[in-house]
Amino acid sequence: MLKEKVISRSLRIMFSGGLVVTAGLLAQPALAQDDGKVQRVEVTGSSIKRAEAESASPIQIITRADIDKAGKTTVAEYLQTLTADGAGSLPTSFGNGFAAGSTAISLRGLGATSTLVLLNGRRMAQFGRADDGQKAFTDISTIPMEVVERIEILKDGASSIYGADAIAGVVNIILKKNYEGVTVSATAGTSGSRDANQAKASITAGFGNLEKDKYNIIINAEAYKSNELMNSQRSDRDWIGTGDWRRWGYPMNTVGSFTNGYIAGNNSASPSPTGSLRDPKTLNYVSLPGCSTLSATKVQDVGGGCLWYADQFRSMLPQIDGVNLFSRGTFQINEDLQAYAEFGYSQRKAAFTVTPPATSSNVFFPPNATSPTGNINYGTVIVMAADHPQNPYGAPVRLRYSMFDVGANRRIADNSFYRAVAGLKGTMAGWEFDTAILHSESKLHLDYTNMINMNVLKAALGDSKSPYFPYYIGTQASKNNPALYAAMVKTASLDAPTKMDIIDFKASRELMPLPGGMMGLAVGAEYRKESYNMPSLDGSKDGSINSSYVAAKGDETVSALYAEVLAPVIKTVELSGALRYDKYSHFSSVTPKVGAKWTPVKTFALRGTYSEGFRAPSAPESGTESFSAGTATVRDPVRCPNGTPLAGAQASDCATTFTGFKVGNPNLQPEKSKGYTLGVVWDPLPDTNLAVDGWLIRRNNEINSMSFQTAAALPGVLRQDNNLTINGVVTPNTGTIIGGAAPYANSSYTEVKGVDFNAKQRFNLGEYGKLNADLNWTHVISWLRVDGAVQHQYAGTHGNCDTSNCVGTPKDKVNFVLAWDKGDWNVTGIISYRGSLKNISEEGQPCANKFADGTDAPAGCTLASFTTLDMSFRYKAMKNLEVFGSVSNLFDKVAPLDPLTYGAMGFNPMDSSGALGRYFKVGLKYQFK
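In this report, we go over the structure that sits alongside the text. (Residues numbered from 1 in each chain as written. Predicted model: local features only at pLDDT ≥ 70, side-chain atom pairs only at ≥ 80, totals over all residues. Heavy atoms only, no water.)

### So, the overall build of the protein
Then, number 1: A count of helical and extended segments in the protein gives twelve helices and 52 strands.
Then, number 2: A globule of 929 residues ought to have a C-alpha radius of gyration of about 30 Å, and the protein, at 29 Å, matches this closely.
Then, number 3: Taking all 929 residues of the protein together, 60% fall into the buried category.
Then, number 4: Put simply, of all contacts in the protein between residues at least 6 apart along the chain, 71% involve residues at least 24 apart.
Then, number 5: Of the roughly 34400 Å² of accessible surface on the protein, a fraction of 58% belongs to carbon and sulfur atoms. (Helix = DSSP H or I, 4+ residues; strand = E, 2+ residues; numbered from the N terminus. Rg over C-alpha atoms; globule rule 2.2 N^0.38 Å. Buried < 20%, exposed > 50% of the residue type's maximum accessible area, 1.4 Å probe, protein only. Contact = heavy atoms within 4.5 Å. Areas by Shrake-Rupley, 256 points an atom, 1.4 Å probe, with all protein chains shown as cover.)

Below, the structure written as structure tokens:
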């Protein structure tokens, strides 16, 4: 009979005790016997089953017990606490981005596109909207948490086994495959402020005994809900809930605070809720009255503007409602053949609140005959007519108006995900094989409420013959006819489907005896077809709504063959190698990987790997219909040439928002990579395990849009017409920068290198139980991007903003877990540390922010490190009843003020627990046996 050879039994024995088992633990051979045979386990990154968890590659294996002790309720929450996760990951809280409503992991900070996410060893369809319009990725929000059995993190490249996207590593989330009984669980959470409430309920049922009944069926259903949290609900939490940082020494209009409504100087103003009109004679903007009735900001703009901050509207955490369904059936056809089928469904709706629209929107779209530049700056196009009742100047005037009367914009991402697998596995002629067919879909429906029909707006303000004229603004907006809003305000929508179909086959066997054991061989083949269709919001193609155009479309067919060998050449030396051939529509690729492990004594091993990888251009990057306009913070090279604004410019010009528009390039070639790891694992004492692994990844031929900082210095960038007066002369092309071309190209290479350190210590306390300590530390030595002759070093800085959403690249991330077990109790503490960051976009650049007195901000131009302590407990109250709970950020630490990131407001998204504050969860789990 086909036994439980691959996963559960060996893992239960080898990984018992609930420890995080990494490749840094010298696992002993599995001792479980079936018919006198040693059980073997297949680990991520290899198709060859083996008697030891240890391989030449560094692998972190996270058990179900580890997940439970962390107190996290979703897979994404847990994965983004890993020290290997870096810049470019997408947290749930990031509602201001293209891919709002999704989550992603980015190993080694190389971006979600270079991290391959697998479910039960196979791929999933990509999320329907690429991050920044470019980065297609797998949304890990779709994975049901309650049936996760373990997670395996391969920390080196695995393109030789899995193909593209595995440059930085692989995250393989493995669900339960054999379960009997019924388990129900419920969890509830609330913050220390009694808001941001969460609730989750789950039922898992398993029927049939595979050995006795020849079948097993698992069904899981879970539903969850998280309430929206507004930034204003943290107004008493230092700088977290407010954009007004003047009391901490910052200038009024710091970019990261999402400041609006100020009048910066001659011919320069930001949209305000009262409306500011430009005097046609002096070009000075003058605010209309009534600011105190509309803005929550008490200390107002000395320049006469109506100052307001995004915290008046913006959400910190979204409203989330979701359900997950998962089922698996396993059927023992005969002793040598097993059939299985899986079906998964996820429905997740995430809703974010952002700021109201403005009349001076600046939109980008594909160039056309009417707009050959592909840009409409409505700040210059829309004017208030001379005969408008609120215009005192008797001539058409520009205005800067934030449309509070319309209300906040609501972004609602409703994503449905489907995945079905049917397969056979068994043994034949000495081979163990597994073959399956897979179909997966993601269907994203996106609604942006309170969007503006800019043509109606233009007429309502500036054309007295329009039936919608006059559009009253500010405190007089109550005079407006409802018919105006019906015509001017709309919900812009899109539907973005992606699909994936796969047929695969793999087989492995023992090939021949060697002095160290049996040589293993694995072979495999795969056929994959993917389609991606991301339209833009309706109305954005020609700039007729207040949103830039973002779209992509494409499909790809891939055929692949691969082979792998495992050779224990002598008892102390194991060699491994793999080779894969992939055939794409426009190119082919061969990716090898070799590894070696030397174990001179039972308690010590030296290991290393060399691998090559590739990443094919995604549909957003290579599709002829692809276009996106992304934003990042840059230093204006004209108005702030050396980190200090010129006369007439503003401090915000030294860290201003730049829009780069990017077009798909069908001539792109794949990115290629080389990766190296070298490490030691050592068990100096029976209860002590140490591992140190150095890693280096070089990614060549990279597909990047031009660095936005570089693009900002190109001739022909778009600027406003508020030009500077230099030496008494108004100088053309010195107005506030708007944006410019940042085309995709195979233009650069990136080299990242660092060290992973893992230490485990177990203490037997006798009658007082057991204590397990586990330390994981990732140190980034260098994160270097080379573009031509220009080098950009991002390690320890706030960059790369084009990749990391200005989250930054800390050199050090540390997790320390201390777990105490005694009888029916477990109590666990987790200390998480994020290292400090220089508040610069890259090494060699001036400080990105200044205090109002002109000195570097924060003090020393350094964003402080951040450390939190989470605590959890689990108590087996009855034979089948478990009670559990957790407290995140036990000491209620406040996240450091971060003036540069645009992924959050006032804090770094990596420090989100310090923005939310202390958070409590309690739950129950009952098993019917």
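### Looking at the environment of G517
Then, number 1: Within the secondary structure layout, G517 lies in strand 28 (residues 517–534).
Then, number 2: On the basis of relative accessible area, G517 is assigned to the partly exposed category, the value being 27%.
Then, number 3: As a C-alpha pair, G517 and V755 span 238 residues in sequence and 32 Å in three-dimensional space.
Then, number 4: Filtering out sequence-adjacent residues up to four positions away, G517 remains in contact with M512 and P568.

### Points about the pairing of strand 33 (residues 627–634)
Then, number 1: Along strand 33, seven of the eight residues are buried, which leaves the element largely enclosed by surrounding structure.
Then, number 2: Sheet analysis places strand 33 next to strand 34 (residues 656–663), joined by eight bridges and oriented antiparallel. When the sheet's bridge partners are listed, G630 is paired in strand 34 with G660. (Pairing = 2+ DSSP bridges.)

### A few points about the pattern of salt bridges
Then, number 1: Summed over all chains, the structure comprises 40 salt bridges.
Then, number 2: A salt bridge links R615 to E671; its shortest N-O distance comes to 3.0 Å. Of this pair, R615 sits in strand 32 (residues 604–615) while E671 is found in strand 35 (residues 671–685), placing the two residues 56 residues apart along the sequence. Taken as a pair, R615 and E671 share a single burial class, namely buried. (Salt bridge = Lys/Arg side-chain N within 4 Å of Asp/Glu carboxyl O.)

### Looking at the nonpolar core
Then, number 1: Formed by 44 residues in total, the largest nonpolar core has its most connected members in L79, I143, I151, V171 and I173.
Then, number 2: Ranked by the residues each element gives to this core, the list is headed by helix 3 (residues 75–79), at four residues.
Then, number 3: Leave out the neighbours within four places in its chain, and I151 touches Q60, I61, I62, I67, L79, V171, N172 and I173.
Then, number 4: Listed in part, the 30 residues of the second largest apolar core include V363, F364, V397 and F627. (Core = buried A, V, L, I, M, F, W, Y, C linked by side-chain atoms within 4.5 Å.)

### A look at the state of the cysteines
Then, number 1: All chains considered together, the criterion is met by three disulfides.
Then, number 2: Disulfide pairing places C291 opposite C306 at an S-S distance of 2.1 Å. Sign of the S-S torsion, about 85° for the bond between C291 and C306, identifies this disulfide as right-handed. Highlighted residues: C291 in helix 5 (residues 291–294) and C306 in the loop between helix 5 and strand 17 (308–309), separated in sequence by 15 residues.
Then, number 3: A relative accessible area of 17% places C291 in the buried class.
Then, number 4: Here C847 is linked by a disulfide to C861, with a sulfur-sulfur distance of 2.1 Å. Every disulfide takes its handedness from the sign of the S-S torsion; for C847 and C861 that torsion is 105°, giving right-handed. Residue C847 is found in the loop between strand 46 (837–838) and strand 47 (849–850), and its partner C861 is found in the loop between strand 48 (856–857) and strand 49 (862–863); the two are separated by 14 residues along the sequence. (Disulfide = S-S within 2.5 Å.)

### Digging into the sheet that holds strand 37 (residues 718–719)
Then, number 1: Pairing is mixed across the open sheet formed by four strands, whose spatial order is 33-34-40-37. Bordering the open sheet on either side are strand 33 and strand 37, each of which pairs with just one other strand.

### Looking at the sheet that holds strand 15 (residues 276–278)
Then, number 1: Ordered in space as 16-15-24-23, the four strands form an open sheet in which the pairing is antiparallel. Edge positions in the sheet fall to strand 16 (285–287) and strand 23 (383–384), since each has one partner strand and no second.
Then, number 2: Bridging between strand 23 and strand 24 (residues 397–400) involves two bridges; their strand directions are antiparallel. Bridge assignment links V383 to a residue of strand 24, and that residue is R398.

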